[in-house]
Amino acid sequence: MADAKDILGLPKGGLPGGPLAAADKRSSRTLKEAPTKKPDGVSREVYALTGGVPPLMPTLEPSALKRRNVSQSKKVSWRWLPFTTSARTDNLQLYHWVRTEDGVAPLGDYAFAKYNKTVEIIRYTDEEYTKYLMDPNWTRQETDELFDLCEQFDLRFIIIADRIAPHRSVEELKNRYYSVAKTIVLARAATPEDVADHTLVKDTYNMQYEVERKRALGIMLSQSRQQEREDAEVLAEARRIMEARLITKVEDEAELAATLATSSAVMDEMEKISQTPAQASSPSSLPVTLPTSMSASMAMSGLVGIASNGPRTPRVYLRGACLAQMIHSTVTAAGARTIKRVDQALEELGVRVKPKVPTQTVCAQHMELRNEVLTLLNLQKQVQWKETEVSVLHDNPYADIPPPTPNTPKVSSSVNAMRH
């Protein structure tokens, strides 16, 4: 009825006072008076949650819940019985409570004997000891005692160090045991490749590394909270400095590349000039364009001028023209600070910053010398960077932060290198 009303678009209660409304009231009263019954085998809480909806999976039969297990029909008792275990070799007999059914005790080994795990200790013969295992720091008796204790205590070296005499450190005991075991494994193998995947051969014990590791761990564990905070601040500052110097290093490398590119372009231009000496003799044919202020100042000082009695000598520049432009281009590419260091190196070598007789050959040699000094400074910076890395890692092999980039080497060291 309700579905028909939904299709026709009528209200579910029907018209007020109509026969359908009265029928609906009677049917609703009948439903309220006849509540549904909870099925058997379902708890009241589960039925209340499902709201009477049939389950998706079939439930257990109530009779199955009340059926007794077959094993429960047997007589079960606990008895105090003796037992032995395969984990012991002395046939020791102990007692424990055992669950029995109809007076029959369970057969088999002790249930916890399967947890008795032992370590396989490699033993050596007299001939092998004489041939491979002689050590001035260890006698045969001490080595035998070490291997006996290793077998007794399953390589628990803390206990072994407490029992062995004379007293030795845990690292010394480990080093002796693993070195002997590795030597015996290699000696008994036909070829070293046959035992390359053996644990004793593949993972060699490093006594020095173990000592350094424990020392570093002891230092770390003995630090106070204040020292930990200070270390964190130092690491943060070192990280900041490292990032800044890495940026500087990248900039210096780009600066060096630009300098080399500029110098090669200048040398190419000079080669072109040397191939056309007739054009180089005329000031109007110079490949370098001078600024207006420079030309005016040079004209005022009398530096720019041509004698009226003939052409100038071939392959000679006007003083300060080409060389000044070349130096200016190099300064623009490499940076004023780097060029200042190059000038200082030239002064210490006894070379003038600007040639006194700026012919084409002199200018070419001067620019080549400047480029070589600049390259030397950059290479020495890279060498000092690598040397600092090696020294820091040698002093502290546990350092996580790479060492900082060194500063540009002093001019005196570069000059001495060039003199030698």
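Please read these numbers as outputs of a predicted model, since none were measured by experiment. (Residues numbered from 1 in each chain as written. Predicted model: local features only at pLDDT ≥ 70, side-chain atom pairs only at ≥ 80, totals over all residues. Heavy atoms only, no water.)

**Remarks on the confidence of the model for the protein**
Residue-level pLDDT values for the protein average 76, and 65% of them are 70 or greater. Predicted confidence for residues 403-415 stays below pLDDT 50, and this span has 34 contacts to residues more than four positions away or in other chains. (pLDDT = per-residue confidence, 0-100. Contact = heavy atoms within 4.5 Å.)

**Topic: the side chain of Arg370**
Following the sequence through the fold, Arg370 ends up in helix 16 (residues 360-395). In this structure Arg370 comes out as buried when scored by relative accessible area, which is 5%. Within the local environment of Arg370, its side chain forms a polar contact with the side chain of Asp343, the two groups lying 2.8 Å apart. Discounting chain neighbours no more than four positions away, the residues touching Arg370 are Ile339, Val342, Asp343, Leu346 and Val353. (Helix = DSSP H or I, 4+ residues; strand = E, 2+ residues; numbered from the N terminus. Buried < 20%, exposed > 50% of the residue type's maximum accessible area, 1.4 Å probe, protein only. Polar contact = N/O pair within 3.5 Å; in protein donor to acceptor, adjacent residues only side chain to side chain.)

**Some remarks on the packing of helix 6 (residues 140-153) against helix 8 (residues 170-188)**
One can describe the packing of helix 6 onto helix 8 by two numbers: an axis separation of 11 Å at closest approach and a directional angle of 90°. Comparing the axis directions of helix 6 and helix 8 gives the class roughly perpendicular. In this structure, helix 6 uses Thr143, Leu146, Phe147 and Cys150 to contact helix 8, whose residues at the interface are Leu173, Arg176, Tyr177 and Val180. Here the residues of the contact of helix 6 with helix 8 are counted per class, giving six nonpolar, one polar and one charged. (Axes fitted to C-alpha atoms, helices over the stretch in contact; angles between N-to-C directions. Parallel < 35°, antiparallel > 145°, perpendicular 65-115°, else oblique. Nonpolar A, V, L, I, M, F, W, Y, C, P; charged D, E, K, R; others polar.)

**Re a nonpolar patch on the surface**
Taken together, the side chains of Val76, Trp78, Trp80, Tyr95 and Trp97 define a hydrophobic patch exposed on the protein surface, amounting to about 620 Å² of accessible area. Where the nonpolar patch is concerned, the elements lending two or more residues are strand 1 (76-83) and strand 2 (94-101). No other element matches strand 1, which puts three residues into the nonpolar patch. (Patch = residues over 30% accessible without salt bridge, like charges linked within 9 Å, V, L, I, M, F, W, Y side chains within 5 Å. Areas by Shrake-Rupley, 256 points an atom, 1.4 Å probe, with all protein chains shown as cover. Salt bridge = Lys/Arg side-chain N within 4 Å of Asp/Glu carboxyl O.)

**So, the nonpolar core**
Counting residues in hydrophobic clusters, the biggest one holds 26 residues, and the most contacted among them are Tyr124, Leu146, Cys150, Phe157, Ile160, Leu173 and Tyr177. Those elements giving two or more residues to this core turn out to be helix 6, helix 7 (157-163), helix 8 and helix 9 (199-202). The element contributing the most residues to this core is helix 8, with seven residues. In this view, Leu146 contacts Trp138, Ile160, Ile164, Leu173, Arg176 and Tyr177; residues no more than four positions away in its chain are not counted. Listed in part, the six residues of the second largest apolar core include Val342, Leu346, Val373 and Leu374. (Core = buried A, V, L, I, M, F, W, Y, C linked by side-chain atoms within 4.5 Å.)

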